[in-house]
Amino acid sequence: MKNVNLYKTIEEFYQEGIKDEYLVMNIVEKCLGGKTFKATENDDKYKHIDFYWESPKKGLIGIDVKGIKKNNRNDNKKDDSINWIELQGVTGYPGWIYGEAEYIAFRTYKDIIFVKREILVEFAEKVTKNKEITFKCPKELYIPYQRYGRKDKVFKCLTEDLRKLSENKGFILVYG
């Protein structure tokens, strides 16, 4: 029974992610022009690119979309004041922050914050430098967290810090 619930939860997260991706794709086309199209399964899995945007001015741009998450797994509601940044994936390979997307698009309830991935990498490495990994979900920000028995490493980041990073070669699209 436990496995059935786990698979159901995974499927729900997957479907939510797909909805977020298509929402962002539609808003990008509507607000910025050009065309968007879903990345291949391989690009999604290995390059961490959810979709491509054919920008009228810049050409083809890979974008990875991040939906609204809970602050803590046991919370009842999602919290768009924070975001979880993945340094290392569950397989032990580098996390999505080290993928090949040009932008990471963070969805909130009212807007989408686009941050250049390279700028996010610099920020992430700076704020987590010399900090010990914890195996208990931290209340504090910028503490590397690894779930017990897993290979992933993530940290919690303020959405407002992502807004500030988007000012450095990023942008914000308002939709809500």
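Residues numbered from 1 in each chain as written. Predicted model: local features only at pLDDT ≥ 70, side-chain atom pairs only at ≥ 80, totals over all residues. Heavy atoms only, no water.

Of all the 8 residues making up helix 4 (residues 159-166), 6 are buried; the element is thus mostly covered by neighbouring parts of the structure. Of the residues making up helix 4, those classed as buried are Thr159, Asp161, Leu162, Arg163, Leu165 and Ser166. Packing partners of the buried residues in helix 4 comprise strand 4 (82-88), strand 5 (103-107), strand 6 (111-116), helix 3 (117-128), strand 7 (153-158) and strand 8 (171-174). (Buried < 20%, exposed > 50% of the residue type's maximum accessible area, 1.4 Å probe, protein only. Helix = DSSP H or I, 4+ residues; strand = E, 2+ residues; numbered from the N terminus. Contact = heavy atoms within 4.5 Å.)

Moving on, we come to the packing of aromatic side chains. This model, assessed by the stated rule, comprises 8 aromatic pairs. On the basis of an interplanar angle of 85° and a centroid distance of 6.5 Å, the ring pair of Tyr103 and Phe114 is categorised as edge-to-face. With Tyr103 in strand 5 and Phe114 in strand 6, the pair connects residues that are 11 residues apart, well separated along the chain. Through successive ring pairs, a cluster of aromatic residues spans Tyr103, Phe114 and Phe171. (Phe/Tyr/Trp six-rings, centres within 6.5 Å; stacked < 30°, edge-to-face > 60°.)

If you add up the space inside the largest pocket, you get close to 2200 Å³. Lining the largest pocket are 45 residues, with Phe13, Lys69, Glu86, Val90 and Arg147 sitting closest to its centre. Of all the secondary-structure elements, those providing two or more residues to the lining of the largest pocket are helix 1 (2-32), helix 2 (41-47), strand 3 (59-66) and strand 4. With 11 residues, helix 1 is the largest single contributor of residues to the lining of the largest pocket. For the lining of the largest pocket, the per-class residue count stands at 17 nonpolar, 11 polar and 17 charged. (1 Å grid on protein atoms, 1.4 Å probe; cavity = no way out; pocket = protein on both sides within 12 Å on 5 of 7 lines; lining within 4 Å. Points joined across faces, edges and corners; volume = space filled by probe spheres on them. Nonpolar A, V, L, I, M, F, W, Y, C, P; charged D, E, K, R; others polar.)

With respect to the helices, strands and loops of the structure, Glu100 is situated in the loop between strand 4 and strand 5. Through-space distance from the C-alpha of Glu100 to that of Tyr46 is 8.6 Å; in sequence the pair is 54 residues apart. Discounting chain neighbours no more than four positions away, the residues touching Glu100 are Lys47, Ile49 and Arg117.

Further remarks concern the pairing of strand 5. By the criterion of burial, strand 5 is predominantly enclosed, with 4 of the 5 residues buried. Inspection of the sheet shows strand 5 paired to strand 6 by 5 bridges, in the antiparallel sense. Across the sheet, Ala105 pairs through a bridge with Phe114, a residue of strand 6. (Pairing = 2+ DSSP bridges.)

Along an α-helix, residues three or four apart share an orientation, since each turn contains 3.6 residues. Along its 12 residues, helix 3 runs 16 Å from first to last C-alpha, staying within 8% of the 16 Å computed at 1.5 Å per residue. For helix 3, every residue scored as buried is listed here: Arg117, Ile119, Leu120, Val121, Phe123, Ala124, Val127 and Thr128. Where helix 3 is buried, its residues meet strand 4, strand 5, strand 6, strand 7 and helix 4. Trailing helix 3 by a residue or two, Asn130 shows a phi angle of about 60°, which is positive. (Expected span 1.5 Å × (residues − 1).)

The subject of this paragraph is the environment of Asp152. Take Asp152: it is sitting in the loop between helix 3 and strand 7. By relative accessible area, Asp152 is classed as buried at 6%. In this structure Asp152 touches Gln88, Gly89, Val90, Tyr145, Gln146 and Arg147, once residues within four positions along its chain are discounted. In terms of polar contacts, Asp152 uses its side chain to reach the side chain of Arg147, at 2.9 Å. (Polar contact = N/O pair within 3.5 Å; in protein donor to acceptor, adjacent residues only side chain to side chain.)

To continue, consider the pattern of salt bridges. Inspection of every chain in the model, using the stated rule, returns 11 salt bridges. For Glu118, the salt bridge is made with Arg117, and the minimal N-O distance between the two is 3.8 Å. In this structure Glu118 comes out as partly exposed when scored by relative accessible area, which is 42%. Overall, Arg117 belongs to the buried group, its relative accessible area being 13%. A salt bridge links Arg147 to Asp152; the nearest nitrogen and oxygen atoms lie 2.9 Å apart. Salt bridges linked by common partners bring Asp111, Glu160 and Arg163 together as one network. (Salt bridge = Lys/Arg side-chain N within 4 Å of Asp/Glu carboxyl O.)

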